[in-house]
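# Structural characterization, general
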Amino acid sequence: MYASWHPTEAFGVHWDDHDVVVVQLEGVKRWNLYGATRTDPLRLDVEAPEKPDGPPVAEVVLQAGDMLYLPRGWWHAVAATEGRSLHLTCGLTPATGHHLLVWLAGQLLHSPTLRAGVPTVAGPAERTAYAEQLCKEVSEALHPHIVSEFAASMDARDPGRPAPSLPHVDGIPADPGLVLALTTARAALEGADGVVVLRAAGHEWELHPSVRPALEALVSGARLTFGDLAERSGLTVEQVAALATELVSKDAAAVSQPR
């Protein structure tokens, strides 16, 4: 959230390494937009984008209630031209190919090739053999569905929005009127080998298939009472409370009183 009350462009002409959505809350703010001088710039890059040359390509004046979308890498300068001004900036950080390859390296840590020392002091034949084996394993890991797997992993690791479960800090009672909801909208639910796998808030649980109806409702974004969840899944309220306690302990869910 940015507040300003004088016409000086506080940050000068600059760019961001993520997309930006701006919502003007109060007053007026002038945005001079210059476009991008480098495709998909990164904060830690091999070279810095060149500064824009010439006047802005557009001048946008935001009034209270207006919204502006600014693509990643676009140079811009902002000033409050008519006194007190307040706006909210939402940064949308992209997942780049660099992020995918770093994640993939983590997925391959079981590989003896990746775990072994790089043969930096070995002869040419050993270095070549290592490089070929590494290339083979990485190439096989980069299968056609790797982007989908990466996206699912990102969803499972999303921390969501922290929410308190007061006053139940020492355990959650088996109260059919308590309401349970996940704190992240990006939880993933799968099933394999007679178990239900829930991934949320950076954690993974393998659960009995009987909890699937309850979890499906929670993953869809529903806020349901313990009684509703028990009825949907055929569990007891005590079992739902135990499930809630586990999810809340990992910040994947929160309980509250009915609204």
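Scroll up to find the structure this text is about.
Computed from a prediction, not measured in an experiment: that's the story for all the values here. Numbering of residues starts from 1 in every chain and runs along the sequence as written. This being a predicted model, a pLDDT of at least 70 is required before a residue's local features are given, and a value of 80 or more before pairs of side-chain atoms are given or counted; all residues contribute to the totals for chains, interfaces and linings. Side-chain metrics rest on all non-hydrogen atoms present in the structure, leaving aside hydrogens and water.

### Side note on the overall build of the protein chain
- Secondary structure elements follow DSSP: runs of H or I of four or more residues count as helices, runs of E of two or more count as strands, with numbering from the N terminus. Scanning the protein chain from terminus to terminus reveals 7 helices and 13 strands.
- Each principal axis of the C-alpha atoms in the protein chain carries an extent, and together these give about 70 × 70 × 30 Å.
- Buried residues are those whose accessible area, probed at 1.4 Å on protein chains only, stays under 20% of the maximum for their type, while exposed residues exceed 50% and partly exposed ones sit between those limits. Counting over 259 residues, the protein chain shows a buried share of 34%.
- Accessible areas in this description were obtained via Shrake-Rupley with a 1.4 Å probe; residue shielding takes into account the shown protein chains only. A total accessible area of about 15,300 Å² is found for the protein chain, and carbon and sulfur atoms account for 57% of it.
- Distance between charge centres in the protein chain, computed from 19 positive and 32 negative side chains, equals 3 Å. By the counting rule applied here, Lys and Arg register as positive and Asp and Glu as negative, while His and the ends of each chain are not counted. Where a charge lies is defined by one atom per residue type, namely NZ (Lys), CZ (Arg), CG (Asp) and CD (Glu).

### Remarks on the sheet that holds strand β5 (residues 67-70)
- In this analysis, strands are considered paired if DSSP registers two or more bridges between them. If you trace the 4 strands from one edge of the open sheet to the other, you get β1-β7-β2-β5, paired in antiparallel fashion. Two strands lie at the open edges of the sheet, namely β1 (2-4) and β5, each paired on one side alone. Pairs of neighbouring strands in the sheet enclose a mean axial angle of 25°, with direction left out of account.
- Taken together, the 4 bridges between strand β2 (residues 19-26) and β5 define a ladder with antiparallel strand orientation. Whenever a helix is involved, its axis is fitted only over the stretch in contact; in every case the axis is a line through C-alpha atoms, and angles between N-to-C directions fall within 0 to 180 degrees.

### Here's the deal with helix α4 (residues 146-157)
- For α4, spanning 12 residues, the distance from its first C-alpha to its last is 16 Å, which sits close to the expected 16 Å at 1.5 Å a residue.
- For α4, every residue scored as buried is listed here: Ile146, Phe150, Ser153 and Ala156. End-on, the buried residues of α4 take up no more than an arc of 125°, which puts them together on one face. Turned more than 90 degrees away from the buried face of α4, the exposed residues are Val147 and Ser148.
- We call two residues in contact whenever any of their non-hydrogen atoms come within 4.5 Å of each other. Where α4 is buried, its residues meet α1 (97-107), α3 (124-141), β10 (195-200) and β11 (203-207). What a helix is expected to span follows from its residue count: subtract one and scale by 1.5 Å. Think of it as the arc spanned by the lines of direction from the helix axis to the C-beta atoms.

### A look at a nonpolar patch on the surface
- Only residues whose relative accessible area exceeds 30% and that form no salt bridge enter a patch; like-charged residues are grouped when within 9 Å of one another, and nonpolar side chains (Val, Leu, Ile, Met, Phe, Trp, Tyr) when within 5 Å. A pair is scored as a salt bridge if a Lys or Arg side-chain nitrogen falls within 4 Å of a carboxyl oxygen belonging to Asp or Glu. Together, Met1, Leu25 and Leu88 give the surface a local cluster of nonpolar side chains, amounting to about 280 Å² of exposed area.
- For Leu88, a relative accessible area of 31% translates into the label partly exposed.

### Concerning the pattern of salt bridges
- Evaluated as defined, the whole model comprises 12 salt bridges.
- Among the salt bridges present, the one from Arg186 reaches Asp158, with a minimum N-O distance of 3.4 Å. One end of the pair, Arg186, is in the loop between β8 (179-182) and β9 (188-192); the other, Asp158, is in the loop between α4 and β8, and 28 residues separate them in sequence.
- A relative accessible area of 32% means that Arg186 is categorised as partly exposed.

### Thoughts on the packing of helix α6 (residues 226-233) against helix α7 (residues 237-249)
- At a minimum axis distance of 9 Å, the contact between α6 and α7 shows a crossing angle of 110°. On the basis of their axis angle, the class for α6 and α7 is roughly perpendicular. Crossing angle aside, the handedness with which α6 passes α7 is right-handed. Between α6, through Phe226, Leu229 and Ala230, and α7, the contact on the second element is made entirely by Val237, Val240, Ala241 and Ala244.
- Looking at the contact of α6 with α7 residue by residue, the classes come out as 7 nonpolar, no polar and no charged. Roughly parallel covers angles under 35 degrees, roughly antiparallel covers those over 145, roughly perpendicular covers 65 to 115, and oblique covers all other angles. The hand of a helix crossing depends on one turn: near helix anticlockwise from the far one by less than a right angle means left-handed, and clockwise means right-handed. Three categories are distinguished: nonpolar for Ala, Val, Leu, Ile, Met, Phe, Trp, Tyr, Cys and Pro, charged for Asp, Glu, Lys and Arg, and polar for the others, with Gly belonging to the last.

### Overview of the packing of helix α5 (residues 212-219) against α6
- Here α5 crosses α6 at 130°, and the two axes come no closer than 7 Å. Looking at the two axes, α5 sits oblique to α6. Touching Pro213, Ala214, Ala217 and Leu218 of α5 are Leu229, Arg232 and Ser233, all from α6.
- Residues belonging to the contact of α5 with α6 are distributed by class as follows: 5 nonpolar, 1 polar and 1 charged.

### Points about the environment of Ser85
- Secondary-structure assignment places Ser85 in strand β7 (residues 85-92).
- Overall, the relative accessible area of 1% leaves Ser85 in the buried class.
- Separated by 61 residues in sequence, Ser85 and Gln24 place their C-alpha atoms 8.1 Å apart.
- Apart from the residues lying within four places of it in its own chain, the contact partners of Ser85 are Tyr2, Ala3, Ser4, Gln24, Glu26, Gly27, Val28, Lys29 and Ala80.
- Among the polar contacts listed, one links the side chain of Ser85 to the backbone oxygen of Val28, at a separation of 3.2 Å.
- Here a polar contact is taken to be a pair of N or O atoms separated by no more than 3.5 Å, where protein atoms must pair a possible hydrogen donor with a possible acceptor and residues adjacent in sequence count only if both atoms sit in side chains. A polar contact of 3.4 Å, which involves the side chain of Ser85, links it to the side chain of Lys29.

### What about the sheet that holds strand β6 (residues 74-79)?
- Across the sheet, which stays open at both edges, the 3 strands sit in the order β4-β3-β6 with antiparallel pairing between neighbours. Two strands in the sheet have a free side with no partner beyond their single neighbour: β4 (58-62) and β6. The sheet shows a mean angle of 25° between the axes of neighbouring strands, taken without regard to direction.
- Alignment of strand β3 (residues 29-36) against β4, held across 5 bridges, turns out to be antiparallel. For Trp31, the partnering residue across the bridge sits in β4 and is Val60.

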